[in-house]
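Each chain, letter by letter, is given below.
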Amino acid sequence: YPERHNFKRDDLVRRWIAEGFAGKEEAAEDYFDELVSRGFLEKYYYDYIIGPMMRNYLRQKLREDNFITCTSDGVPSSPVVRLCIDDNWPSSDLGIDWHHIRSLVVFKEAERVPYKHLQHLRVLDAQKYTGDGALGNQHLKDMCGLLRLRHLLLSGVLQWEDIILGVHGDQTITEIPREIARLQYLETLEVRKTGIRRLPAEMGDLKQLKALDVSCNPELAELPREIGNLQHLERLRIHRTSIREQAWEIIGTLKKLKTLDVSGNPELSRIPRDIGKL
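I will try to describe carefully the structure that is included in this document. Nothing here was measured: the structure is a model prediction, and the numbers come from that model. Throughout, a residue's number is its position along its own chain's written sequence, starting from 1. A pLDDT threshold of at least 70 governs which residues receive local features in this predicted model, and a stricter bar of 80 or more applies before side-chain atom pairs are shown or counted, although totals over entire chains, interfaces and linings include all residues. Think of the side-chain values as coming from all heavy atoms in the structure, minus any hydrogens and water.

**Notes on the state of the cysteines**
What counts is decided by this rule: When two cysteine sulfur atoms lie within 2.5 Å, the pair is treated as a disulfide. The buried label applies to any residue whose accessible area, calculated with a 1.4 Å probe on protein chains only, is under 20% of its type's maximum; exposed applies above 50%, and partly exposed to all values in between.
For the coordinates displayed, the defined rule picks out 0 disulfides. The closest cysteine sulfur to the non-disulfide-bonded cysteine 84 is located on cysteine 70, 4.5 Å from its own sulfur. Since its relative accessible area comes to 9%, cysteine 84 is described here as buried.

Next up, the structure:
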C-alpha cells in the first residue's frame, strides 16, 4: 500500500485467499490478527494502516526477495508476478511483460493498464481512480475476459453529491456488462462508488461467488432475482444504494449468508420478520 493508505481487513483477507496464501477465511483472519498483535498493522478508525517505519522495512524485504514490484521503485529487473502501481507511470510502460502477472493492485492511472494482456491474472484490485481518463465501461468489459480471475475489486470516488450535481458523466463505470458471467472462478466481486444503475441477470451465473459488494452506488435501485442463484454467497453489502424493499425476497433465499450490510439505504425502512430464516 502507498504511504498512509488505509485499507479494510476484509479486502486484504479475501485477497490472500485468492492468491492462495490461505485456504480458508478463518485461517486468513487469524494471520491478520497476529500481524496486528505483533505491530505490523495498526488500527485506523474502522480500517487499518501500516506505520511508516514498518512499511519502509517491509518494502526493503519485498525488493530483496522480488516478491512484489512497485512502480515507485522503477524498472523491474526480472519477470513480474505481483505488480503494485503506486506511482504515476513514466512515458514508457516500464518494460513489463504483462502476461506473467498473477496479481495486480492499482492506485494510479488504472485506465492505462492493458487488461486484455493479463490472461493469467487471479487478483485485480483498483481501489481509487479520479479525473480525466478514469476507468470506464470498456475497461470493465475487458476485465471480463480475464477467465482466471478470482478477486475483482473496483472502487471509484463517486458520492451522493456527485449524483445530485450530475457530474459523473463518462468519468466512471455506469454498468456491469453481461460478459461478467464469463468469470466462472470469481469468488469476490466488489464494485463501489461508481455510477452503475443496474446489475445484469447474468451475475446469477457466478456460481463460485462468495462475496458481493456493490456499496455506495447511489443510482443502483434493485437486485436481479438471479442473485438468489448464488448459493455460495457468504457476504452481501448493499450499503448506501437505492435498492428497494423487494430485495428482501432475494436475500431470504441466500442460505449461506454470514454478513449482510443494508445500512444507509433510504428505500429499506424495515427488516422483515422472516430474516430469521437465514
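**Section: the pattern of salt bridges**
Pairs may arise between side chains of opposite charge once their charged atoms sit close together. As a reminder, the rule being used: Between Lys or Arg on one side and Asp or Glu on the other, a salt bridge is scored when a side-chain nitrogen of the former is within 4 Å of a carboxyl oxygen of the latter. Under the scheme used here, helices are H or I runs from DSSP no shorter than 4 residues and strands are E runs no shorter than 2 residues, and both carry numbers assigned from the N terminus.
Tallying each qualifying case throughout the model produces 26 salt bridges. Residues arginine 192 and aspartate 213 are paired through a salt bridge, measuring 3.3 Å at the closest nitrogen-oxygen approach. Highlighted residues: arginine 192 in strand β8 (residues 188-192) and aspartate 213 in strand β9 (residues 211-213), separated in sequence by 21 residues. Comparing arginine 192 with aspartate 213, the two get one shared label, buried. Here glutamate 245 makes a salt bridge to arginine 270, at a shortest N to O gap of 3.7 Å. With glutamate 245 in the loop between β10 (235-237) and α6 (247-251) and arginine 270 in the segment after β11 (259-261), the pair connects residues that are 25 residues apart, well separated along the chain. Here arginine 270 falls in the partly exposed class, since its relative accessible area comes to 49%. Salt bridges here are not isolated pairs; linked through shared partners, they connect Arg9, Asp10, Glu25, Glu29, Asp33, Arg235, Arg237 and Asp261.

**Points about empty space enclosed by the protein**
Here is the rule we go by: Lining residues are defined by having an atom within 4 Å of a point belonging to a cavity or pocket. Those points lie on a 1 Å grid over the protein atoms alone, cavities being sets where a 1.4 Å probe fits but cannot get out and pockets being open sets with protein on both sides within 12 Å along at least five of seven lines. Grid points are joined across faces, edges and corners, and a volume is the space filled by probe spheres set on the points. Residue polarity is assigned by list, with Asp, Glu, Lys and Arg as charged and Ala, Val, Leu, Ile, Met, Phe, Trp, Tyr, Cys and Pro as nonpolar; anything else, Gly included, falls into the polar class.
Applying the stated rule across the entire model yields 1 cavity of 30 Å³ or more. Approximately 30 Å³ is the volume attributed to the largest cavity. For the largest cavity, the full set of lining residues is Tyr1, Pro2, Glu3, Arg4, His5, Ile49, Ile50 and Arg55. Grouping the constituent residues of the lining of the largest cavity by class yields 4 nonpolar, 1 polar and 3 charged.

On their own, these measurements won't tell you what the molecule is for.
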